[in-house]
Amino acid sequence: MEKTVTTVQSNKPIWFFIACWTLFNIIQSATLEIHADEAYYWIYSRFLAWGYFDHPPMVALFIKAGYALFQNEFGVRLLTICCSSIALYVLWLIAKPYRVQPKWFILVVSGMFIFNIYGFTTTPDVPLFLFTVLFFYVYKQYLERDNLKLTLLLALIIACLLYSKYHAVLVIGFTILSNPALLKRKSFWLMAAVATVLFMPHILWQVNHGYPTITYHLFDRSEAGYRIDQTLGYLPAQLAMGGPFIGWFVFYAAFRKRATDPFKRGLMVNAAGTFIFFLLNSLKGIVEPHWTLIAFVPLVILALIYITETDRPYQWLQRLAIINVVFIFTLRTCLVFGPAWIRKVEQFKSYYGFKEWAHLVKQKAGNHYVVMSEGFQNPSKYNFYNNTVTCLSYDARDYRRTQYSLWPIEDSLQHKRIYYVLNRFQQGVTTDTIKNMAGTWYAGWVDDARSYQKVQISCAQKHVKARPGQSLQFYVTITNPYPFAINFANHNAKHPVFLETCFFIHTTPVDVQQADSTFNAIQIPVGKTARYTVKVVAPKQKGLYDLFFSLRTEPFTGSRNSSYIKFTVE
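I will try to describe carefully the structure that is included in this document.

Definitions and limits used
Residues numbered from 1 in each chain as written. Predicted model: local features only at pLDDT ≥ 70, side-chain atom pairs only at ≥ 80, totals over all residues. Heavy atoms only, no water. Phe/Tyr/Trp six-rings, centres within 6.5 Å; stacked < 30°, edge-to-face > 60°. Buried < 20%, exposed > 50% of the residue type's maximum accessible area, 1.4 Å probe, protein only. Lys NZ or Arg CZ within 6 Å of the ring centre and 35° of its normal. Pairing = 2+ DSSP bridges. Helix = DSSP H or I, 4+ residues; strand = E, 2+ residues; numbered from the N terminus. Axes fitted to C-alpha atoms, helices over the stretch in contact; angles between N-to-C directions. Core = buried A, V, L, I, M, F, W, Y, C linked by side-chain atoms within 4.5 Å. Contact = heavy atoms within 4.5 Å. Lys, Arg positive; Asp, Glu negative; His and termini not counted. Salt bridge = Lys/Arg side-chain N within 4 Å of Asp/Glu carboxyl O. Polar contact = N/O pair within 3.5 Å; in protein donor to acceptor, adjacent residues only side chain to side chain.

Using the criterion set out here, one finds 57 aromatic pairs in the structure. Summarising the aromatic geometry, the rings of Phe-135 and Phe-136 are spaced 5.4 Å apart at their centres and angled 75° between planes, so their arrangement reads as edge-to-face. Taken individually, Phe-135 and Phe-136 each receive the classification buried, so the pair is uniform in this respect. Three or more aromatic residues joined by ring pairs make a cluster, and in this case those are Tyr-40, Tyr-41, Tyr-44, Phe-47, Tyr-52, Phe-376, Tyr-404 and Trp-407. The lysine or arginine in question, Lys-381, covers the ring of Phe-354, its NZ or CZ lying 3.3 Å from the ring centre.

Set out below in structure tokens:
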């Protein structure tokens, strides 16, 4: 392995930088309203579990710990602030042996837009960032000293990575790919065994809940079709994440020199592999810019090493880096003060006006349960700002399932009077208008509410081909997951229930067919199942469709109760 040259460098500039970084993150965290995703993960912390529909549980633990000390936005973000500062210092400890100057470390790291985002916003990416940095820090030592202490420490970090976000699999996989010799180490297999045992509770959670995360990502997502702007937009977005003005140079510098030892090769394969992986993903759907966070850790280390090894003054880069930092911190300062123009930017709207909105809805709803049908974001904000879990996100058939389909909130509102809040007017339902700077909502009361979004409908067929207008039969199994018996009878029911077969093209419904009244005779005890035959007529238009089954009770739009069936009319 190539020896790194260590020189005596003062840590004082780094400590001063991290102190300023921490202070600024504290100010921002204490003044900005909760972001929609943060509110959603706050509810995670109210229902602690070994897993969740969307993510592993580490973010819930982070929020739980901080919120125990401060019951506000700052409490939700407390561990984020700490982890961001710790991660940057450990990043410095990785770069320091390569004689990286504190000046360049500060200019480049503080100018990384993606690191700024997760200095004050709490999502699963925060623990992922921390444990990715810790992974590379300990991995470097493990390459030099193969001992039990480092083996067990690395196993613990790997488990924490996996508990943070599933993207951790890429870090582990690309590291092994960069250094297959690891497979010859006995300690590697001990490390893998210990990490697996530590991660087993989450694996068992997935098993016991029917693999909801795997099912969603592999089977329950409609392919929207390729759009070239998804790929073309991915590339500049990644450059912006690396710094609006210096991102291009960070990428150039990171891949400019060939890796000369296993650690640098690990950094390079992780960075390149992750960016290529998500570039390929852009061929089938939208890739959010922050999904590549794990790649920016090795990327920035490689870029700093390159700047050091070339030993050039880079005065132009220094000026550009200063402009880059000033731009980012000016933008972040504007977020704190919230001028009118920034509140109109789509990416920042979520930070403004929703605290007042949540209290306005609460004034209307009182202590009654609230149901919203517009995604998980605003229901989560309502719950956070009213310190409750009495608002349900109705996972409509044209949206997707979320953790709200697993939480017991829906169980508690059955046959009660609920307050129904929509972002659109619905004739005969909405009677109230709620308006503030966050937007306009319409709401109304629903008596004797009835919904079945937790009910699972499964079918053996996964791929079906049919002629236009052909009649088919699907043999389905309907499972009752509620802690009470259910029935689909409409006699004497205020709100009738219907079983509907839905044909979608991407996210657009094109045909909805209602099952006959024999469905309404079904009764299912707690934890039991019922069999039913659904008669379906294939659409008359040839093409590729997504078919699924939905239970709809008025006045709701119908939930998504089954996985997709790929339906081809030819």
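The next point concerns the sheet that holds strand β11 (residues 508-514). Spatially, the five strands line up as an open sheet ordered β7-β15-β14-β10-β11, and their pairing is mixed. Of all the strands in the sheet, just β7 (463-466) and β11 have a single pairing partner and so form its edges. On average, adjacent strands in this sheet sit at an angle of 30° to one another, irrespective of strand direction. Summarising the sheet, strand β10 (residues 497-505) and β11 pair through six bridges and their orientation is antiparallel. Note on β11: the bridge partner recorded for Thr-501 is Gln-513.

Take the nonpolar core next. Formed by 100 residues in total, the largest nonpolar core has its most connected members in Leu-91, Phe-105, Phe-115, Phe-135, Phe-296 and Val-300. Ranked by residue count, the leading element in this core is helix α15 (residues 293-310), at 14 residues. Once you skip the residues sitting within four places of it in the chain, Phe-135 turns out to touch Leu-154, Ile-157, Ile-158, Leu-161, Val-171 and Thr-175. Within the second largest apolar cluster, 46 residues are counted, among which are Tyr-40, Val-370, Cys-391 and Ala-396.

The next thing to look at is the environment of Phe-384. Structurally, Phe-384 can be placed in helix α19 (residues 377-385). Spatially, the C-alpha atom of Phe-384 lies 26 Å from that of Arg-560, the residues being 176 residues apart in sequence. With residues up to four places along the chain from it excluded, the contact list for Phe-384 reads Ile-34, Ala-39, Trp-42, Tyr-67, Asn-72, Glu-73 and Val-76.

Here the focus is the pairing of strand β5 (residues 439-446). Here five bridges tie strand β3 (residues 418-422) to β5, and the two strands are oriented antiparallel to one another. Pairing of Leu-422 across the sheet is with Tyr-442, part of β5. Relative to β5, strand β4 (residues 432-436) is paired through five bridges, and the arrangement is antiparallel. From the neighbouring strand, Thr-433 faces β5, where its bridge partner is Tyr-442. In textbook terms, the turn of a hairpin is the stretch between consecutive antiparallel strands, and for β4 and β5 this stretch comprises two residues.

With that settled, consider helix α5 (residues 102-110). The buried fraction of α5 amounts to seven of the nine residues, a majority that puts the element mostly inside the structure. Within α5 the residues assigned to the buried category are Pro-102, Trp-104, Phe-105, Leu-107, Val-108, Val-109 and Ser-110. On its buried face, α5 is in contact with α1 (12-31), α4 (73-95), α6 (113-117), α13 (247-254), α15 and α16 (315-337).

Okay, the side chain of Arg-450 next. Looking at the secondary structure, you find Arg-450 in the loop between β5 and β6 (456-459). For the buried residue Arg-450, which engages in no salt bridge, the nearest side chain bearing the opposite charge is Asp-448, 7.4 Å off. Of note is the side chain of Arg-450, whose polar atom sits 3.4 Å from the side chain of Asn-490. With residues up to four places along the chain from it excluded, the contact list for Arg-450 reads Gln-414, Asn-487, Phe-488, Ala-489, Asn-490, Ala-493, His-495, Pro-496, Val-497, Thr-553 and Phe-556.

Note that all results are geometric; they support no functional claim without further evidence.
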